[in-house]
Amino acid sequence: MKKKETEHFHELLIIGAGASGLMAAIRAARQGVDVALLEHTDKIGRKLLITGNGRCNLTNQIQRPEYYRSHHCQTAWQIVSKFTKDDTIAFFQELGLLLRERSGGIYPWSNQAASVLRVLKSELYYLGIPIYYRAEPIKLYKDKKRGCFCCETEGARYFGKKLILAAGSKAAEKTGSDGSGYALAHMLGHSIYPPLPALVPLIAKEPYFRRLAGVRAEGKITLYGNGREMASDIGELQITEYGISGIPAFQVSRYAAEALYEKKHVTAELDFCPCLTVQELEYRIEKQKKKGIRTREALIGILNEKLADELHTRTENRKELAERIKCFPATITGTKGFDFCQVCAGGVPLTEIDPETMESKREKGLYLAGELLDVDGACGGYNLQWAWASGHLAGASAAAGIKGEYIL
Ligand SMILES: Cc1cc2nc3c(=O)[nH]c(=O)nc-3n(C[C@H](O)[C@H](O)[C@H](O)COP(=O)(O)OP(=O)(O)OC[C@H]3O[C@@H](n4cnc5c(N)ncnc54)[C@H](O)[C@@H]3O)c2cc1C
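On a predicted model such as this, the values are computed, not experimentally measured, just so you know.

What to know about the sheet that holds strand E3 (residues 59-60)
Here is step 1: Read across the sheet, three strands follow the order E3-E6-E5 without closing on themselves; strand pairing throughout is antiparallel. The sheet is open, and its two edges are formed by E3 and strand E5 (99-102), each paired on a single side.
Here is step 2: Bridge count for E5 against strand E6 (residues 105-108) is four bridges, and the pairing is antiparallel. Bridge pairing links leucine 99 to proline 108 in E6.

Section: the pairing of strand E16 (residues 266-271)
Here is step 1: Only one face of E16 is buried: it carries Val266, Ala268 and Leu270, and the other face, with Thr267, Glu269 and Asp271, is open.
Here is step 2: Sheet analysis places strand E13 (residues 216-225) next to E16, joined by six bridges and oriented antiparallel. Bridging from a neighbouring strand, threonine 222 pairs with glutamate 269 of E16.
Here is step 3: When E16 meets strand E17 (residues 328-335), the two strands line up antiparallel, connected through five bridges. Within E17, the residue paired with alanine 268 across the bridge is alanine 330.

A word on the sheet that holds strand E14 (residues 228-239)
Here is step 1: Reading around the circumference, E12-E15-E14-E13-E16-E17 is the order of the six strands in this closed barrel, with antiparallel pairing throughout. Taken pair by pair, the neighbouring strands of this sheet meet at an average axis angle of 40°, ignoring direction.
Here is step 2: As defined by bridge partners, strand E12 (residues 202-204) adjoins E17 across three bridges and the pair is classed as antiparallel. When the bridges of E17 are listed, isoleucine 203 appears paired with glycine 334.
Here is step 3: Those strands touched by helix H8 (residues 247-261) are E12, E13, E14, strand E15 (243-245), E16 and E17, and its axis lies near 145° from that of E14.

Some remarks on the packing of helix H9 (residues 278-290) against helix H12 (residues 318-326)
Here is step 1: Between H9 and H12, whose axes approach to 9 Å, the crossing angle comes to 130°. Classed by the angle they form, the pair H9 and H12 counts as oblique. Handedness of the crossing formed by H9 with H12: right-handed. Judged by residue contacts, Val278, Leu281, Glu282, Ile285 and Glu286 of H9 engage Arg318, Lys319, Leu321, Ala322, Glu323, Ile325 and Lys326 from H12.
Here is step 2: Classifying every residue of the contact of H9 with H12 by side-chain character gives six nonpolar, no polar and six charged.

Some details on the site of the ligand
Here is step 1: The environment of the ligand is made up of 41 residues, and the closest members are Gly16, Gly18, Gly168, Gly176 and Gly370.
Here is step 2: Only helix H1 (19-30), helix H2 (46-50), helix H6 (180-187) and helix H13 (382-407) provide two or more residues apiece to the shell around the ligand.
Here is step 3: The dominant element in the shell around the ligand, judged by the number of residues it contributes, is H13, at four residues.
Here is step 4: Its residues assigned to classes, the shell around the ligand comprises 17 nonpolar, 19 polar and five charged.

Re the domain arrangement of the chain
Accessible area lost upon the coming together of the parts is a frequently used measure of interface size.
Here is step 1: Each domain of the chain was delimited in the assignment, giving domain 1 (6-196 + 343-407) and domain 2 (202-335).
Here is step 2: Averaged C-alpha coordinates put domain 1 and domain 2 at centres separated by 39 Å.
Here is step 3: The interface of domain 1 with domain 2 comprises seven residues on the first partner and seven residues on the second.
Here is step 4: Along the lines of polarity and charge, the residues of the side of domain 1 that touches domain 2 split into five nonpolar, no polar and two charged.

Observations concerning H6
Here is step 1: Among all positions of H6, only Gly181, Tyr182, Leu184 and Ala185 are buried. The buried residues of H6 occupy an angular sector of 160° when the element is viewed end-on, so they sit on one face.
Here is step 2: Of the surrounding elements, those touching the buried residues of H6 are strand E1 (6-15), strand E8 (139-143), strand E10 (156-165), strand E11 (193-198) and strand E21 (366-368).
Here is step 3: Phi turns positive one or two residues past the end of H6, at glycine 189, with a value near 100°.

Digging into unusual backbone geometry
Here is step 1: With a phi angle near 50°, arginine 134 is a residue other than glycine that sits in the positive phi range.
Here is step 2: Note on placement: arginine 134 falls in the loop between strand E7 (131-132) and E8.
Here is step 3: Unusually for a residue other than glycine, alanine 172 sits at a positive phi of about 55°.
Here is step 4: Among the structural elements, alanine 172 can be located in the loop between E10 and H6.

Cut-offs used in this document
Each residue is numbered by its place in its chain's sequence as written, counting from 1. Local features are withheld for residues below a pLDDT of 70 in this predicted model, meaning they are given only at 70 or higher, and side-chain atom pairs are given and counted only at 80 or more; totals for whole chains, interfaces and linings count all residues. Only strands that DSSP links by at least two bridges are regarded as paired with each other. To qualify as a helix, a DSSP run of H or I must reach at least 4 residues; to qualify as a strand, a run of E must reach at least 2; elements of each kind are numbered from the N terminus. Comment: burial labels come from other C-beta atoms within 10 Å of the residue's own C-beta, placed from the backbone, where a count of 20 or more is buried, 12 or fewer is exposed, and between is partly exposed. Axis angles are defined between N-to-C directions and span 0 to 180 degrees, where every axis is a line fitted to C-alpha atoms and, for a helix, only to the segment in contact. Residue pairs are scored as contacts if the distance between their C-beta atoms, which are placed from the backbone, is within 7 Å. When describing relative orientation, an angle under 35 degrees is termed roughly parallel and one over 145 degrees roughly antiparallel, while 65 to 115 degrees is termed roughly perpendicular and anything else oblique. Crossings are classed by handedness, with left-handed meaning an anticlockwise turn of the near helix from the far one by less than a right angle and right-handed meaning a clockwise turn. All residues other than Ala, Val, Leu, Ile, Met, Phe, Trp, Tyr, Cys, Pro, Asp, Glu, Lys and Arg, Gly among them, are scored as polar; the first ten of these are nonpolar and the last four charged. Contact assignment follows one rule, namely that a residue is near a molecule or strand if its backbone-placed C-beta atom lies within 6 Å of it. Domain borders in the structure are assigned automatically or taken from a domain database. Summarising the geometry, the arc corresponds to the directions from the helix axis toward the C-beta atoms.

Quick look at the structure:
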């Protein structure tokens, strides 16, 4: 016998209870809309808990258009400009979250990402927003007869006049974002730029990375695709047995993933001493040599000891050494993939939504928010800023649409 299906009716349905979905729900409910969240796992906001190494870098004081990467960067910036970092700060302060700033990054004063989720949960509770857990959409469509969206799950059907898709990407699947959001967007007529891992460690071919594993050094990474410079970044490089990690590697990784996807030959150069020129390095090595100090010892005065060992066993020539310190080569063969990335590049094209409202151009009454869309931010709070901004705009617009219908 077929199990009896339960039916739930709400003005606004939101699929995905992560950063963007929670923001959209709060924003819409504050406008007096009956909103419900559908979450396919048994917890909400799981990814938030692991952000910023458990501390949650929720936005950044320094905002620039180039920190929001997309096939349509200007549109991404247009959307972020509608709900700025100041709006994010004010939103969380109003929820009772005490904040702190570290090098531009905004964190909860408690240094615990759990505080961010806690205040969001309290607000959901205060606004009386229902959450349907373990709600795995099987079918999603616009019920033309009833004039509303219908989301079918095992044993239940959910109806909403308006729908917000906020199901995230396929980065860090264990948190719930398993890529199923792309299929849902596709069911409602959207296309998808292939999702690629971003903010992710890089895999390098050369065997010396295994020997250098554990080295942490200030440096610069410059990335090339078919010999053309694509991106660079400075900061603490972390050498691992498979290749290169650390924030500078994360920052350039989306360009590596894209180029590899396009079958380009991807290489990187590591500069382990960006503060000195080749000539200055040569001079320093030579000066020590003249005092009778061996090359290895001269290098240890400048570099991490493991690096100094690796370099000096290759050559004693000071010019070659200086060049190698400034230009340590790597052939990039891959990234550590979706399980190890923080975000995905790619997703639903921004050309398929109205940037003034986040409403789909393919399906009226449907709105999209968060990482499901083709935007990946730089490391430093920009991905959450995108989630808050797009979620806020989607929630406000969907609610206004519903209220507008009432007025009529
Ligand atoms: C390790 C790590 C550290 C990070 N640190 C930072 C940081 O410090 N600062 C920063 O700005 N960004 C950070 N990010 C990125 C940031 O967390 C994400 O960009 C952001 O959470 C995306 O929000 P979202 O709402 O689009 O998706 P998510 O937060 O992934 O939420 C999507 C939700 O939808 C649910 N869902 C998925 N599919 C379905 C479905 N079919 N049906 C129902 N529900 C579904 C998921 O279970 C999930 O709850 C980090 C990411 C990771 C992995």
